[in-house]
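The chain contents come next:
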Amino acid sequence: MKKLIFENLEELSSIEGKQLPIGEWYTVTQQMINDFANATLDKQWIHIDENKAAKYSPTGTTIAHGFMSVSMLSELISKQFEVKSIKMGLNYGLNKVRFPNPVPVNSELRLISSLKQLENFKKGKKLTFDCTIEIKGQEKPACVAEFIFVLFE
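This text gives an overview of the structure that appears in the document. The residue numbers shown here count from 1 along each chain, following its written sequence. Only residues with pLDDT of at least 70 are given local features in this predicted model, and only at 80 or more are side-chain atom pairs given and counted; all residues enter the totals for whole chains, interfaces and linings. Side-chain metrics in this entry use all non-hydrogen atoms of the structure; hydrogen atoms and water are not considered.

Here's the deal with the sheet that holds strand β5 (residues 108–121)
Consideration 1: The rule for pairing is simple: two strands pair if DSSP sees at least two bridges between them. Comment: elements are numbered from the N terminus, with helices defined as DSSP H or I runs of at least four residues and strands as E runs of at least two. In space, the 5 strands of this open sheet follow the order β2-β5-β6-β7-β4, with antiparallel pairing throughout. The open sheet terminates on both sides in strands that have one partner only, identified here as β2 (26–27) and β4 (88–98).
Consideration 2: In terms of strand pairing, β5 meets strand β6 (residues 124–135) through 12 bridges, oriented antiparallel. When the sheet's bridge partners are listed, I112 is paired in β6 with T132.

As for unusual backbone geometry
Peptide bonds are trans in most cases, and residues, glycine excluded, mostly fall at negative phi.
Consideration 1: Residue N106 is not a glycine yet carries a positive backbone phi of 70°.
Consideration 2: Structurally, N106 can be placed in the loop between β4 and β5.
Consideration 3: A positive phi angle, close to 50°, is found at K122, a residue other than glycine.
Consideration 4: Position of K122 relative to the elements: it lies in the loop between β5 and β6.

A word on the pairing of strand β7 (residues 143–152)
Consideration 1: Buried means the residue's accessible area, taken with a 1.4 Å probe over protein chains only, is under 20% of the maximum for its type, while exposed means over 50%, and partly exposed covers the values in between. In terms of burial, β7 is a largely internal element, 9 of the 10 residues being buried.
Consideration 2: Pairing of β4 with β7 involves 8 bridges; the strand directions are antiparallel. Of the residues in β7, the one forming a bridge with G89 is L151.

Considering the state of the cysteines
Consideration 1: Disulfides are defined as pairs of cysteine sulfur atoms found within 2.5 Å of each other. What the rule picks out here adds up to 0 disulfides.
Consideration 2: Cysteine C131 is unpaired, with the sulfur of C143 as its nearest cysteine sulfur at 7.8 Å.
Consideration 3: Using a relative accessible area of 3% as the deciding quantity, one classes C131 as buried.
Consideration 4: Look at C143 and you get buried, because its relative accessible area is 1%.

Put into structure tokens, the structure is as follows:
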């Protein structure tokens, strides 16, 4: 994947409605899942108890939290493009979030996204992305969402 580089937000507007470079695969480890469980206090057995999950889970193993996928969108998108003039970026929100498929531990994921819309926002732009987090070897994705954040120059 080649990261797109833009000088400023005006230049970024040239990709409105277009797909960004497809993200690199990354592996979801048990340590990542455990760290997320500790950070969010969501310690349901399906996420952290490997023995119980092996015995009772439909996947036969632990699975990542759905919100773990969503929480990674900022970082994953930042690997797809950069705007050199940006002073600050903020998460603004999410629309239409769905988790169609569980993410078993050691799955490989990647982001496919497009810049759906750019809107003026104070001294910056509000960007809405259509995002799909794919699971390698699976037909259904882990997460589908519209992700919104604001960039300030």
